[in-house]
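Here is how the chains run, residue by residue.
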Amino acid sequence: MSAFVIRRLMQSIAVVMVMSLIVFFGVNIVGDPVDMLINPEADQADIEAAIKALGLDRPAHEQYWYFLVNAFKGDLGSSFIFGQPALQLIVQRMPATLELAFSALFLSVLFGIPLGVYAGLRPDTLTAKTIMSGSILGFSLPTFWVGLMMIMVFAVMLGWLPSTGRGETVLLFGVPVSFLTLDGLRHLLLPAVNLALFKMSLVTRLARAGTREVVHQDYIKFARAKGLSPRRVVLVHVLKNIMIPVVTVIGLEFGGLIAFSVVTESVFAWPGMGKLIIESIQNLDRPVIVAYLMITVLMFVFINLVVDVLYSVLDPRVRLRDMRA
Amino acid sequence: MGTDAPALKVENLETHFFTKAGVVKAVDGVGFSVERAQILGLVGESGSGKSVTGFSILGLVDPPGRVVGGRIEFMGEDIANADEARMQSLRGNRIAMIFQDPMMTLNPVLRIETQMVETVLAHRKVDRAAARARARDALGQVGIPSPDERLAAYPHQFSGGMRQRVAIAIALLNDPDLIIADEPTTALDVTIQAQILHEAQKLCRERGTAMIWITHDLTVIAGLADKVSVMYAGRIVEAGAIDDVLDHPVHPYTKGLIGSVPSRNKRGAPLYQIPGMTPALLNLAPGCAFRERCPRAAPACLEQPAPSEPVPGRSVRCFRPYVEAAS
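Treat the numbers as computed from the prediction; the structure is a model and nothing was measured.

Basis of the calculations
Residues numbered from 1 in each chain as written. Chains lettered and ligands numbered in written order. Predicted model: local features only at pLDDT ≥ 70, side-chain atom pairs only at ≥ 80, totals over all residues. Heavy atoms only, no water. Helix = DSSP H or I, 4+ residues; strand = E, 2+ residues; numbered from the N terminus. Rg over C-alpha atoms; globule rule 2.2 N^0.38 Å. Contact = heavy atoms within 4.5 Å. Areas by Shrake-Rupley, 256 points an atom, 1.4 Å probe, with all protein chains shown as cover. Core = buried A, V, L, I, M, F, W, Y, C linked by side-chain atoms within 4.5 Å. Buried < 20%, exposed > 50% of the residue type's maximum accessible area, 1.4 Å probe, protein only. Domains from an automatic or database assignment. Axes fitted to C-alpha atoms, helices over the stretch in contact; angles between N-to-C directions. Parallel < 35°, antiparallel > 145°, perpendicular 65-115°, else oblique. Nonpolar A, V, L, I, M, F, W, Y, C, P; charged D, E, K, R; others polar. Buried area = accessible area lost by both parts, 1.4 Å probe. Salt bridge = Lys/Arg side-chain N within 4 Å of Asp/Glu carboxyl O. Polar contact = N/O pair within 3.5 Å; in protein donor to acceptor, adjacent residues only side chain to side chain. pLDDT = per-residue confidence, 0-100. Phe/Tyr/Trp six-rings, centres within 6.5 Å; stacked < 30°, edge-to-face > 60°.

**Q** Whenever I open this one, the overall build of chain B confuses me. Can you help?
**A** Secondary structure summary: chain B contains 12 helices and 11 strands in total. Whereas a compact globule of 327 residues would reach a radius of gyration of roughly 20 Å, chain B reaches 20 Å, a difference of no more than 12%. Contacts in chain B between residues far apart in sequence, at least 24 positions, make up 66% of those at least 6 positions apart. Summing over all exposed atoms, chain B offers an accessible surface of approximately 14,200 Å²; the carbon and sulfur share of this is 52%.

**Q** Quick question: what am I supposed to make of the nonpolar core here?
**A** A general tendency of soluble globular proteins is for nonpolar side chains to be buried together. In this structure, B:L8, B:F32, B:M116, B:I180, B:I212 and B:W213 are the most contacted members of the largest nonpolar core, which totals 94 residues. The element best represented in this core is helix α7 (residues 160-172) of chain B, accounting for 7 residues. In this structure, this core is formed jointly by two domains, domain 1 (8-94 + 178-191 + 208-326) and domain 2 (103-173) of chain B, each of which donates at least three residues. Of all hydrophobic cores here, the second largest spans 57 residues; its members include A:M200, A:V214, A:I277 and A:V297.

**Q** Just to check I follow, could you spell out the packing of helix α10 (residues 230-268) of chain A against helix α11 (residues 273-283) of chain A for this structure?
**A** Any two packed helices are characterised by the angle at which their axes cross and by the distance between the axes. Residue and element names in this part refer to chain A. Where α10 meets α11, the axes come as close as 7 Å, and the angle between the chain directions of the two elements is 90°. One finds that α10 runs roughly perpendicular with respect to α11. Residues V262, E265 and S266 of α10 form the contact with α11, whose participating residues are M273, G274, K275, I277 and I278. Classifying every residue of the contact of α10 with α11 gives 4 nonpolar, 2 polar and 2 charged.

**Q** Would you explain the environment of B:A26 in this entry?
**A** Residues and elements named next belong to chain B. Here A26 shows up in strand β2 (residues 22-34). Put simply, A26 and T15 are 11 residues apart on the chain and 6.0 Å apart in space, counted from C-alpha to C-alpha. Each residue touching A26, except ones within four places of it in the same chain, is listed here: T15, F17, S48, G49, V52, G234 and L281.

**Q** Explanation requested: the packing of α10(A) against helix α12 (residues 286-314) of chain A in the structure shown.
**A** All names here are of chain A. The geometry of α10 relative to α12 is characterised by a closest axis approach of 10 Å and an angle of 170° between their N-to-C directions. One finds that α10 runs roughly antiparallel with respect to α12. Here K240, M243, I244, V247, T248, G251, L252, F254, G255, G256, I258 and V262 of α10 lie close against α12, whose contacting residues are Y292, M299, F300, I303, N304, V307, L310, Y311 and L314. The class makeup of the residues in the contact of α10 with α12 is 15 nonpolar, 5 polar and 1 charged.

**Q** What exactly am I supposed to notice about the interface of chain B and chain A here?
**A** In many reports, interface size means the accessible area that the parts give up when they come together. The partner chain A presents 23 residues to the 30 residues of chain B that form the contact. Across the interface of chain B and chain A, roughly 2,400 Å² is buried in total on both sides, 60% from carbon and sulfur atoms. Connecting chain B to chain A are 4 salt bridges. Across the chain B-chain A interface, the total number found is 14 residue pairs in polar contact (both at pLDDT 80 or more). Within the residue set of the side of chain B that touches chain A, elements represented by two or more residues are α1 (50-58), β6 (95-98), α3 (102-105), α4 (112-123) and α7 of chain B. The element best represented in the side of chain B that touches chain A is α4(B), accounting for 6 residues. Each residue belonging to the side of chain B that touches chain A can be placed in one class, and the counts come to 15 nonpolar, 10 polar and 5 charged.

**Q** Any chance you could explain the confidence of the model for chain A here in plain terms?
**A** For residues with low pLDDT, the predicted coordinates do not support detailed interpretation. Taken as a whole, chain A shows an average pLDDT of 82; of its residues, 94% reach a score of 70 or greater. Ranking the elements of chain A by mean pLDDT puts helix α13 (residues 316-324) of chain A last, at 58, and helix α6 (residues 126-140) of chain A first, at 89.

**Q** Can you walk me through the packing of aromatic side chains in this structure?
**A** What describes a pair of aromatic rings is the distance from one ring centre to the other and the angle between the planes of the rings. All names here are of chain A. Within the structure shown, the criterion is met by 12 aromatic pairs over all chains. Summarising the aromatic geometry, the rings of F24 and F25 are spaced 5.7 Å apart at their centres and angled 80° between planes, so their arrangement reads as edge-to-face. Judged by relative accessible area, which is 26%, F25 ranks as partly exposed. Here the aromatic residues F24, F25, Y64 and F67 are joined through ring pairs into a cluster of three or more.

Right, dumping it as structure tokens:
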């Protein structure tokens, strides 16, 4: 097991290195921040001084080297706009985004798996067909539109739930969270459901497809031939088998949740990383963009690592194969 | 439990599949009985309804299939009309089944221990430790070395033969009165097959377990079964004591089946085969289903032959049996 984890860690480091190259040079190609930052009235000497101060006069590969060396020291540069370290800016907003993403993940698993398993066990019932049609809607309706509709119905017309902000937060291990207060929960509900809809549909369809496939396997019939209760057959024999693809996809899609939260955060004015990155892109605030992308890459890599480990816990065949390799 | 009742008595069993294209009569009026400590061989080609017969007895026919008629008496109790709760308490407990493909019958993501212990706990009020001890003993019984360690293993860590032994051990866990073995050795090497047949026979003799051994391979049951029922297109066409049937087949199909087994004595001669193909069971024409392939077919065969007893102790569905060959 540990050899497996170490091997995956090495691969992860390689991925991060390659991504840092792509991200850094990619961002450097796009636009010239000097135009955005410096007063157009300024004279040439001022402009050059500003460029020098930002380090933009050096060749790109040299800039990358400084970036890399500093990154290892935990310094991803300072925002051109705020003057604060980019990392600090992002870390301040990260809890809000993570809270939103985890809530959405929780909702999609909580509802997606039971709905999918039910639809897989009784595919011909009206309920199953309704679930599957619903999941198509969840897939195809654009997140921002659903978000706006939810605001219109639940916040404007019915007035049940607030439409913007995080509401009241409390500190949990020094991190502000909304879900522990009633007001925070009320604020969290709409954006979390909005963000969850797509993933919920995905999980539902995966769980259904998995169930449909697994229930026809010999080992399920054998489990029934052993005289097990239908409950145990479904909850242990079927569920554990369908969890393999579900966990993989949930893990991989968790990164997607964070990415999609850009839209949801904008719609619901949720003060997270998504809003920050949109603003930074508009201002060509390179250090913040690079830092955001690097952190996202790190998160993806970490999630993948966790999924691989979880996967091997769920599927003993993977464990053995990888331990030998 | 009635003391004189046979372990299993099936009468006129009908299992049909209601597909969109029509009704498939997979099992159509099948009957047989198995005494305790007796092994019945149920022989037939693929698609003749052998496995469906087995699943019908357990009440495990999946939709669109359904048992539509007949009587299934297990230890004197009619179980054809028993409710699901009763069937669940019999399955894996009094009636156990072993499946054809050992690579597919064990759940790949659960330990052998989990899969065995749950079978004990489903039927007995014992604690986990006792259930585990029972599982370990059962593994030892079917010849799996160091059963204590193997309990913690997953199915993929066993070979095919070993997996089938595990499946058999699971079948034995609750000391069933009847074991339905659905081609359990088809996927295995001959040497492993021989070992498993030996184990099966030993169990049957030692514990008085009745057994239905479903197979397409006559050579497998030749030395194993006490009696044999030959199935063709959902019906039993010939039934009798194993040696009698193998030595003097009376139904043209049985004769063809025995003739199809390659023999060492006729090296180099073209191998015999029954002409034609197994008929599709969907909308099967009335009359004897074998008549298209039968060398002795006659106009009378356009009607369905009823079971007769042309030779004592032999039940045959045929208008023109090879009686002269049997006498």
